[in-house]
Amino acid sequence: MTNNRVYNFSAGPAVLPLEVLKTAQEEMLNYQNSGMSVMEMSHRSKTYDNIIKTAEKDLRELMNIPDNYKVLFLQGGAHLQFSMVPINLLKNGVADYIVTGQWAKKAYQEAQKYGKINKVATSEDKTFSYIPDCSDLDISPEADYVYICENNTIYGTKFNTLPNTKGKVLVSDMSSCFLSEPVDVTKYGLIYAGVQKNVGPAGVQIVIIREDLIREDLPAWCPTMLSYKTHADNDSLYNTPPAYGIYICGLVFKWLKKQGGLTAIKEYNEKKAKILYDFLDNSKLFKGTVEKSSRSLMNVPFVTGNEELDKKFIEEAKNNNLVQLKGHRSVGGMRASIYNAMPIEGVQALVDFMEKFEKENI
Ligand SMILES: *Cc1c(COP(=O)(O)O)cnc(C)c1O
């Protein structure tokens, strides 16, 4: 490990590629001979314009985003999208939500303020430990969209097959799986992601929206800042954007391209996750909490079945430079988030430690 850095399994804000942090460090005081830091730079300057345009271009390349989709860099966290999505997309006033975890549930509850919002499927009966069968749901004929949280950060589940929306627009909260694997953008009307999980520092929200869903005829009460159109018409520069965060995202996009793009990163992510899941499947002490077919490549929750032992594990792991392994406060146990920037050596170190802990405590 370099510079006394630990293996950080935080669910977010989370680990970033060391290479990116080093570049940011090198460019901190004087960005490409501008004589200043990106933090100190006008967002209307030519230099900054190049930063945000290049970031968008690289993201479009990585995800193969078609020309009829806009890419927006916004603020307000994923939470603001819980409101912006219904405010902007409800025309008939009806939407169908699939509730597979805490974040989907919050989005579902927030949307209630703006229309008739249906829960068409849920996995709450088994503590969100699986993704329900969504091949033939009771989709409302007048639904403006169907909403999913694609990767459930807290519970460690992932839609490995997209729901059958019966022709309705699909909206996806991809916060914790964004850029972890290739996606077919054309299957979605809107994708959004808070970047602090897999892409960059907190404060940036990326929205990818099909142009025909950007409306002019929003309700008069809709705040200017909450209209996608405001941001789309101004290339995300209507007001001061989260400029430094976008710059870091841009560096991560470059890093991803250097790794070989999303197909290569998916292979790497699968390799990493396999090490951990294989261990869990064979362990006598630890076990995964998620149904196998619904497993996430990014967030891996597990337990010993004994709260005291969980606590001891988290404490001892920390003393071995394996940090942030505590599960979400709503579920307990442990959770290892193994995002793009977690090296395979980190996962191996975790499994080696789990093996040792198991021998000592069984
Ligand atoms: C973290 C997370 C959120 C909440 O993000 P904020 O930026 O804190 O609003 C929402 N959805 C998912 C899938 C997340 O992982």
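For every chain, the first residue of the written sequence is number 1, and numbering continues from 1 onward in sequence order. Owing to the predicted nature of the model, reporting of local features is limited to residues with pLDDT of at least 70; listing and counting of side-chain atom pairs is limited to 80 or more, with chain, interface and lining totals taken over all residues. Processing note: side-chain calculations cover all non-hydrogen atoms of the structure and skip hydrogens and water entirely.

## Points about the packing of aromatic side chains
Then, in step 1: Only Phe, Tyr and Trp rings take part, Trp by its six-membered ring, and two of them pair if their centres are within 6.5 Å. Stacked means planes under 30 degrees apart, edge-to-face means over 60, and tilted covers everything else. Applying the stated criterion across every chain yields a total of 15 aromatic pairs.
Then, in step 2: Centre to centre, the rings of F286 and F302 are 5.8 Å apart; their planes meet at 80°, and the pair counts as edge-to-face. Of the two residues, F286 is situated in the loop between α7 (261-282) and β11 (287-288) and F302 in strand β12 (residues 299-303); the sequence distance between them amounts to 16 residues.
Then, in step 3: Ring geometry for F313 versus F357: centroids 5.2 Å apart, planes at 80°, classification edge-to-face. Pair noted here: F313 is in helix α8 (residues 307-319) and F357 is in helix α9 (residues 344-361), with a separation of 44 residues, a long-range link. Grouping residues by exposure puts F313 and F357 together as buried.
Then, in step 4: Ring-pair connections join several aromatic residues into one group, and the members of that group are F279, F286, F302, F313, F353 and F357.
Then, in step 5: Taking NZ or CZ as reference, K126 lies 5.6 Å from the ring centre of Y130, over its face. By the criteria applied, helices consist of DSSP H or I runs no shorter than four residues and strands consist of E runs no shorter than two, each listed in order from the N terminus. Accessible area is worked out with a 1.4 Å probe on protein chains only. A residue is then buried under 20% of its type maximum, exposed over 50%, and partly exposed in between. We count a charge as sitting over a ring when the NZ of a lysine or the CZ of an arginine lies within 6 Å of the ring centre and within 35 degrees of the ring normal.

## Considering the site of the ligand
Then, in step 1: The rule for a residue being near a molecule or strand is that one of its heavy atoms must lie within 4 Å of it. Lining the immediate surroundings of the ligand are 13 residues, of which H79, T153, D173, Q196 and K197 lie closest.
Then, in step 2: For the ligand, an oxygen atom lies 3.1 Å from a polar atom in the backbone of A78.
Then, in step 3: Each polar contact in these results corresponds to two N or O atoms within 3.5 Å; when the atoms are within protein, one needs to be able to donate a hydrogen and the other to accept it, and residues that are neighboring in sequence are counted only if both atoms are side-chain atoms. The separation between an oxygen atom of the ligand and a polar side-chain atom of K197 is 2.5 Å.
Then, in step 4: Within the complex, the protein chains bury 86% of what would otherwise be the 390 Å² of accessible surface of the ligand. Accessible surface is estimated by sampling points in the Shrake-Rupley manner with a 1.4 Å probe; for residues, cover comes only from the protein chains shown.

## Things to note about the environment of E316
Then, in step 1: Within the secondary structure layout, E316 lies in helix α8.
Then, in step 2: Look at E316 and you get partly exposed, because its relative accessible area is 24%.
Then, in step 3: Considering only alpha carbons, one finds E316 and F353, 37 residues apart in sequence, at a separation of 9.2 Å.
Then, in step 4: A contact between two residues is defined here by any heavy atoms of the two lying within 4.5 Å. Discounting chain neighbours no more than four positions away, the residues touching E316 are F353, F357 and E360.

## Notes on the side chain of K272
Then, in step 1: Residue position: K272 is located in helix α7.
Then, in step 2: The charge count includes Lys and Arg as positive and Asp and Glu as negative, but it does not include His or the ends of the chains. Every case where a carboxyl oxygen of Asp or Glu lies within 4 Å of a side-chain nitrogen of Lys or Arg is listed as a salt bridge. Among buried charged residues, K272 stands out as having no salt bridge; its nearest opposite-charge side chain is E345, 9.0 Å away.
Then, in step 3: A distance of 3.1 Å separates polar atoms of two side chains, one belonging to K272 and the other to N269.
Then, in step 4: There is a polar contact of 3.5 Å between the side chain of K272 and the backbone oxygen of N340.
Then, in step 5: Not counting the four nearest positions on each side in its chain, K272 is found in contact with I338, Y339, N340, M342, P343, I344 and V347.

## Here we look at the pairing of strand β2 (residues 69-74)
Then, in step 1: For β2, the tally of buried residues reaches five of six residues, placing the bulk of the element in the interior.
Then, in step 2: Between any two strands, at least two bridges found by DSSP are needed for them to pair. Note: β2 against strand β10 (residues 205-210), six bridges, orientation antiparallel. Bridge pairing in β10 places V71 opposite I208.

## Here's the deal with the domain arrangement of the chain
Then, in step 1: Partitioning the chain into structural domains gives domain 1 (20-258) and domain 2 (260-361).
Then, in step 2: Of the residues lining the interface, 26 residues belong to domain 1; the matching set on domain 2 comes to 25 residues.
Then, in step 3: Around 2100 Å² of area is buried between domain 1 and domain 2 when both sides are counted, 54% of it from carbon and sulfur atoms.
Then, in step 4: Between the two partners, domain 1 and domain 2, sit zero salt bridges.
Then, in step 5: For the pair domain 1 and domain 2, the interface holds 15 residue pairs in polar contact (both at pLDDT 80 or more).
Then, in step 6: When contributions to the side of domain 1 that touches domain 2 are tallied by element, the ones reaching two or more residues are α2 (46-63), β7 (157-158) and α6 (243-259). Domain delimitation follows an automatic or database domain assignment. We define buried area as the total accessible area lost by two parts upon association, computed with a 1.4 Å probe and summed across both.

## A look at the packing of helix α1 (residues 18-27) against α6
Then, in step 1: Only C-alpha atoms enter the line fits that serve as axes; for helices the fit covers just the stretch in contact. Angles between N-to-C directions range over 0 to 180 degrees. In contact at an axis separation of 9 Å, α1 and α6 are set at 130° when each is read in the N-to-C sense. Relative to α6, the element α1 lies oblique. Relative to α6, α1 is oriented so that their crossing is right-handed. Two secondary-structure elements touch here, α1 through E19, V20, T23, A24 and E27 and α6 through Y244, Y247, I248, L251, V252, W255 and K258.
Then, in step 2: Here the term charged refers only to Asp, Glu, Lys and Arg, the term nonpolar to Ala, Val, Leu, Ile, Met, Phe, Trp, Tyr, Cys and Pro, and the term polar to all other amino acids, Gly among them. Taken together, the residues that form the contact of α1 with α6 break down as eight nonpolar, one polar and three charged. If an angle is under 35 degrees, it is roughly parallel; if it is over 145, roughly antiparallel; if it lies from 65 to 115, roughly perpendicular; otherwise it is oblique. Whether a crossing is left-handed or right-handed is set by the direction in which the near helix is turned from the far one by less than a right angle, anticlockwise for left-handed and clockwise for right-handed.

## Considerations on the pattern of salt bridges
Then, in step 1: Counted according to the given criterion, the structure contains 19 salt bridges.
Then, in step 2: Across the pair K254 and D58 runs a salt bridge whose closest N-O atoms are separated by 2.6 Å. Of this pair, K254 sits in helix α6 while D58 is found in helix α2, placing the two residues 196 residues apart along the sequence.
Then, in step 3: Of the residues examined, K254 reaches a relative accessible area of 42% and is grouped as partly exposed.
Then, in step 4: Of the charged contacts in the structure, one is a salt bridge between E61 and K257, with a shortest N-O distance of 3.1 Å. With E61 in helix α2 and K257 in helix α6, this residue pair connects regions lying 196 residues apart in the sequence.
Then, in step 5: Residue E61 is classed as partly exposed on the basis of its relative accessible area, which comes to 47%.
Then, in step 6: Residue class for K257 comes out partly exposed when judged on its relative accessible area of 31%.

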